[in-house]
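# Residue-level structure breakdown
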2 protein chains.
Amino acid sequence: MDSSTRIEQALNAALARVETPAAPSKLASAMRYSVFPRGARVRPRLCLAAAAACGDDQPALTDAAAASIELLHCASLIHDDLPCFDDAPLRRGKPSVHVAYGERIAVLAGDALIVLAFEQLSYVACSPERLPHVMRIVGQSVGMPSGIAAGQAWECEPFCDLVEYHEQKTGALFSAATMLGAAAAGHDPEPWKVVGAKLGLAYQVADDLRDAASDEEELGKPIGRDAALGRPSAVRDLGIDGAMHRLETLVKEAIAGIPPCQGAGDLRALIMSEAKRLVPKRLAAAAA
Amino acid sequence: MDSSTRIEQALNAALARVETPAAPSKLASAMRYSVFPRGARVRPRLCLAAAAACGDDQPALTDAAAASIELLHCASLIHDDLPCFDDAPLRRGKPSVHVAYGERIAVLAGDALIVLAFEQLSYVACSPERLPHVMRIVGQSVGMPSGIAAGQAWECEPFCDLVEYHEQKTGALFSAATMLGAAAAGHDPEPWKVVGAKLGLAYQVADDLRDAASDEEELGKPIGRDAALGRPSAVRDLGIDGAMHRLETLVKEAIAGIPPCQGAGDLRALIMSEAKRLVPKRLAAAAA
């Protein structure tokens with residue numbers, strides 16, 4: 001089964017748990033709305049790729065771990081789009097959850113997706129000693145003091161280290177992706193941290209570039225939000241050319257960090273194709 | 001060590017994990033603010049009492065499970081108090097989290113507490129086969145389709161079954177308390193569900209009574225909110241006397257449901273003293 005099929009099946013299985021006839025239908029619908037149709041699924045694909053590189057001997061755990069980080073990613077987008085944060089009307093080319101379902105359902109959908117991300121791990125038939133490792137990596141990547149919630153919270157502090165902010169808000173879930181792939185396959189996750197971390201930083205720089213240099217149709221959401229909101233941004237700090245150079249460096253560092261393993265070649269290919277896909281078309285054309 | 005000490009220590013240990021020098025300080029502070037000073041800790045005490053009745057042979061897991069439900073309870077209060085829900089200015093006699101720290105930090109504090117509730121379970125040294133059971137009970141009690149988030153979501157539906165609403169919004173965490181105590185001690189949690197469920201319903205009826213018949217000083221938060229917001233309420237449906245009678249019946253049913261076990265007497269005593277404490281002073285005096 002290919003990676004995309006595995007990921008969509010795992011996400012569907014997780015959401016099916018909440019879609020019972022007795023469930024409040026708006027909340028169930030909002031949860032599915034935020035997870036489907038599929039986004040790029042960058043993080044779960046990275047998780048599966050890292051697991052494959054490590055032998056992937058318990059694929060059900062790998063799939064659940066991959067679903068977990070995608071569910072948490074979707075939860076963070078819902079809360080990030082709320083009026084009190086970015087007040088974003090669009091996400092993935094359609095109305096954001098609070099616009100489509102109201103603010104209360106948006107808060108609850110984020111909450112319920114966080115819970116589901118952990119709960120669905122408990123249903124996997126796997127070596128019991130691997131579960132605490134997987135839970136811990138998931139928790140650290142999304143909570144305090146160094147996960148997504150921490151990264152978001154830096155937006156509320158008077159002083160904010162741009163590197164720390166990006167590492168937590170975006171990098172943490174990328175580090176978790178590669179670490180989870182390794183941990184689900186019974187390997188030591190620590191050496192895999194740097195691969196995800198560098199890719200997370202690269203992804204954020206690419207996101208800043210797309211916010212500054214894409215058009216709305218290409219991006220699927222409003223552009224120029226970082227500048228309008230005065231948010232930390234690599235483009236603000238380094239300019240477009242500087243940010244492009246930083247993106248290239250980070251991708252090279254990620255590839256250099258891949259531990260020696262059987263699937264290193266495939267992983268390298270995935271990373272290269274992702275990096276190419278993330279650069280705004282206008283800049284990619286200009287660079288070519 | 002007495003129950004209160006165990007609970008406060010477990011909560012302190014969980015929060016200490018997020019209070020590192022590198023953590024964003026407002027979010028870390030808001031998380032502690034919402035958990036301390038101690039509320040009644042009804043749910044974790046019930047968890048410890050059920051575990052004691054079952055032998056409590058792995059107290060570190062019991063303590064972590066108890067901390068988990070209290071952290072989730074605090075998270076639900078923060079989000080429940082948000083402007084888009086109850087817009088409650090006070091909680092436990094002090095400004096609610098969004099009033100004290102702003103709405104963004106309040107959303108994040110709830111999120112981070114949910115994550116912490118699961119993550120801290122992964123650090124416990126316990127029989128590895130017990131952890132998935134504990135995680136599952138926690139997840140089911142707080143997520144979809146039948147936990148707190150589901151209960152809250154019924155407030156956004158055009159039709160709402162009052163029994164289902166209370167079972168999910170309040171009862172789910174009480175059922176989890178007794179089930180977790182049993183599961184942490186290696187016992188079958190299922191027979192313990194009814195005890196917590198009945199107590200949860202009793203607690204919600206008591207809450208409705210206090211909202212209708214306490215004064216603000218006794219309650220530590222504004223009174224009359226249910227009527228003002230048109231929310232489902234036992235007092236609205238049954239009147240004060242009817243609600244008092246329902247409370248008594250539920251407490252009797254909870255006590256009758258306690259499975260045969262060594263600590264049944266202590267548990268019965270705890271339930272009786274809780275029930276007495278929850279009735280508004282004015283009504284208790286009138287009934288005496």
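All of the points below concern the structure found in this document.

The rules behind the values
Residues numbered from 1 in each chain as written. Chains lettered and ligands numbered in written order. Predicted model: local features only at pLDDT ≥ 70, side-chain atom pairs only at ≥ 80, totals over all residues. Heavy atoms only, no water. Helix = DSSP H or I, 4+ residues; strand = E, 2+ residues; numbered from the N terminus. Rg over C-alpha atoms; globule rule 2.2 N^0.38 Å. Areas by Shrake-Rupley, 256 points an atom, 1.4 Å probe, with all protein chains shown as cover. Lys, Arg positive; Asp, Glu negative; His and termini not counted. Charge placed at Lys NZ, Arg CZ, Asp CG, Glu CD. Contact = heavy atoms within 4.5 Å. Least-squares fit on C-alpha atoms with pLDDT ≥ 70 in both. Buried area = accessible area lost by both parts, 1.4 Å probe. Salt bridge = Lys/Arg side-chain N within 4 Å of Asp/Glu carboxyl O. Polar contact = N/O pair within 3.5 Å; in protein donor to acceptor, adjacent residues only side chain to side chain. Phe/Tyr/Trp six-rings, centres within 6.5 Å; stacked < 30°, edge-to-face > 60°. Buried < 20%, exposed > 50% of the residue type's maximum accessible area, 1.4 Å probe, protein only. Lys NZ or Arg CZ within 6 Å of the ring centre and 35° of its normal. Axes fitted to C-alpha atoms, helices over the stretch in contact; angles between N-to-C directions. Parallel < 35°, antiparallel > 145°, perpendicular 65-115°, else oblique. Left-handed = near helix turned anticlockwise from the far one by under 90°. Nonpolar A, V, L, I, M, F, W, Y, C, P; charged D, E, K, R; others polar. Core = buried A, V, L, I, M, F, W, Y, C linked by side-chain atoms within 4.5 Å. Expected span 1.5 Å × (residues − 1).

## A few points about the overall build of chain A
For chain A, the helix and strand inventory stands at 15 helices and two strands. A globule of 288 residues ought to have a C-alpha radius of gyration of about 19 Å, and chain A, at 18 Å, matches this closely. If you line up chain A on its principal axes, its C-alpha atoms span 50 × 50 × 35 Å. On chain A, roughly 10900 Å² of surface is accessible, and the fraction owed to carbon and sulfur atoms is 55%. Within chain A, one finds 29 positive and 36 negative side-chain charges whose respective centroids are separated by 3 Å.

## Digging into the side chain of Glu70 of chain B
Secondary-structure assignment places Glu70 of chain B in helix α4 (residues 59-81). Sequence-distant contacts of Glu70 of chain B, defined by excluding residues within four places in its chain, comprise Leu11, Arg41, Pro44 and Arg92 of chain B.

## Looking at the relation of the copies chain B and chain A
Between chain B and chain A, which share one sequence, the superposing operator has a rotation angle of 180 degrees and an axial displacement of 0.0 Å; the RMSD is 0.0 Å. Viewed as a symmetry operation, the transformation between the two copies matches a two-fold axis. Identified as the residue of chain B closest to the rotation axis by C-alpha distance is Pro128 of chain B, at 2.8 Å. Residue by residue, 100% of the interface of chain B is reproduced at the interface of chain A, so both copies engage with the same surface.

## Concerning the interface of chain B and chain A
When the parts of a complex come together, some accessible area is lost, and that lost area is often taken as the interface size. Listed by partner, the interface residues are 50 residues for chain B and 50 residues for chain A. Of the roughly 4500 Å² buried between chain B and chain A, counting both surfaces, carbon and sulfur atoms make up 71%. For the pair chain B and chain A, the interface holds zero salt bridges. At the boundary of chain B with chain A, the tally comes to 14 residue pairs in polar contact (both at pLDDT 80 or more). Where the side of chain B that touches chain A is concerned, the elements lending two or more residues are α1 (3-18), α2 (25-35), α6 (103-119), α7 (131-142) and α8 (148-153) of chain B. Considering each element in turn, the side of chain B that touches chain A owes the most residues, eleven residues, to α6 of chain B.

## A closer look at the packing of aromatic side chains
Overall, the coordinates contain five aromatic pairs over all chains when judged by the stated rule. With 4.8 Å between their ring centres and 0 degrees between their planes, Phe118 of chain A and Phe118 of chain B make a pair best called stacked. A residue pair is termed interchain when its members come from two chains, as with Phe118 of chain A in helix α6 (residues 103-119) and Phe118 of chain B in helix α6. Ring geometry for Phe174 of chain A versus Tyr203 of chain A: centroids 5.1 Å apart, planes at 40 degrees, classification tilted. In this pair, Phe174 of chain A is assigned in helix α9 (residues 162-184) and Tyr203 of chain A in helix α10 (residues 193-213), connecting sequence segments 29 residues apart. Note on accessibility: Phe174 of chain A and Tyr203 of chain A belong to one class, buried. The ring of Phe36 of chain A carries the charged tip of Arg41 of chain A above its face, separated from the ring centre by 5.3 Å.

## Some words on the packing of helix α3 (residues 42-53) of chain A against helix α4 (residues 59-81) of chain A
All names here are of chain A. Running from N to C, α3 and α4 cross one another at 155 degrees; their axes reach a closest spacing of 8 Å. Relative to α4, the element α3 is oriented roughly antiparallel. Read as a crossing pair, α3 and α4 show a hand that is right-handed. Along its contact with α3, which presents Arg43, Pro44, Cys47, Leu48 and Ala51, the element α4 presents Thr62, Asp63, Ala65, Ala66, Ile69, Glu70 and His73.

## A look at the side chain of Asp80 of chain A
By the secondary structure assignment, Asp80 of chain A is in helix α4. Of note is the side chain of Asp80 of chain A, whose polar atom sits 3.0 Å from the side chain of Gln152 of chain A.

## Brief notes about the packing of α1 of chain B against α4 of chain B
Residues and elements named next belong to chain B. It is the contact of α1 with α4, at a shortest axis distance of 9 Å, that shows an interaxial angle of 70 degrees. The orientation of α1 relative to α4 falls into the category roughly perpendicular. Residues Arg6, Ala10, Leu11 and Ala14 of α1 form the contact with α4, whose participating residues are Pro59, Thr62, Asp63, Ala67, Glu70 and Leu71. Class assignment of the residues belonging to the contact of α1 with α4 gives a composition of six nonpolar, one polar and three charged.

## Description of the nonpolar core
Counting 204 residues, the largest nonpolar core has Met31 of chain A together with Met31 of chain B as the members making the most contacts within it. Apart from the residues within four sequence positions on either side, Met31 of chain B is in contact with Met144 of chain A together with Leu15, Val18, Ala109, Ala112, Leu113 and Leu116 of chain B.

## Concerning helix α10 (residues 193-213) of chain B
With 21 residues, α10 of chain B ought to run about 30 Å at 1.5 Å a step, and its terminal C-alpha atoms sit 30 Å apart, in line with that. α10 of chain B sits mainly inside the fold: 15 of its 21 residues count as buried.

## Quick notes on the pattern of salt bridges
Residues and elements named next belong to chain A. Evaluation of the coordinates by the stated rule reveals 22 salt bridges over all chains. The shortest N-O distance in the salt bridge between Glu253 and Lys198 comes to 3.0 Å. Of this pair, Glu253 sits in helix α13 (residues 234-257) while Lys198 sits in helix α10; the two residues are 55 residues apart in sequence, bridging distant segments of the chain. Between Arg236 and Asp237 there is a salt bridge, with its nearest N and O atoms 3.3 Å apart. Owing to a relative accessible area of 42%, Asp237 belongs among the partly exposed residues under this scheme. Taken together, the shared-partner salt bridges in this structure form one network comprising Glu8, Arg41, Glu70 and Arg92.

## Observations regarding the environment of Leu250 of chain A
Residues and elements named next belong to chain A. Secondary-structure assignment places Leu250 in helix α13. Under the relative-accessibility criterion, Leu250 is labelled buried at 0%. Separated by 55 residues in the primary sequence, Leu250 and Val195 place their C-alpha atoms 9.6 Å from one another. With sequence-adjacent residues up to four places away left out, Leu250 is seen in contact with Lys198, Leu201, Ala202 and Val205.

## Remarks on unusual backbone geometry
Of note, the amide linkage connecting Phe36 of chain A to Pro37 of chain A takes the cis form, showing an omega dihedral of -5 degrees. Along the polypeptide, Pro37 of chain A turns up in the loop between α2 (25-35) and α3. The amide bond that connects Met144 of chain A to the next residue, Pro145 of chain A, takes the cis arrangement and shows omega of 5 degrees. Inspection of the secondary structure puts Pro145 of chain A in the loop between α7 (130-142) and α8 (148-153). In this structure, Arg41 of chain B takes a positive phi of about 55 degrees despite not being glycine. Structurally, the position occupied by Arg41 of chain B is in the loop between α2 and α3 (42-53). Residue classification places Arg41 of chain B among the buried residues on the basis of a relative accessible area of 2%. Of note, Asp87 of chain B is a non-glycine position whose phi angle comes to about 50 degrees, a positive value. By relative accessible area, which is 43% here, Asp87 of chain B ends up partly exposed.

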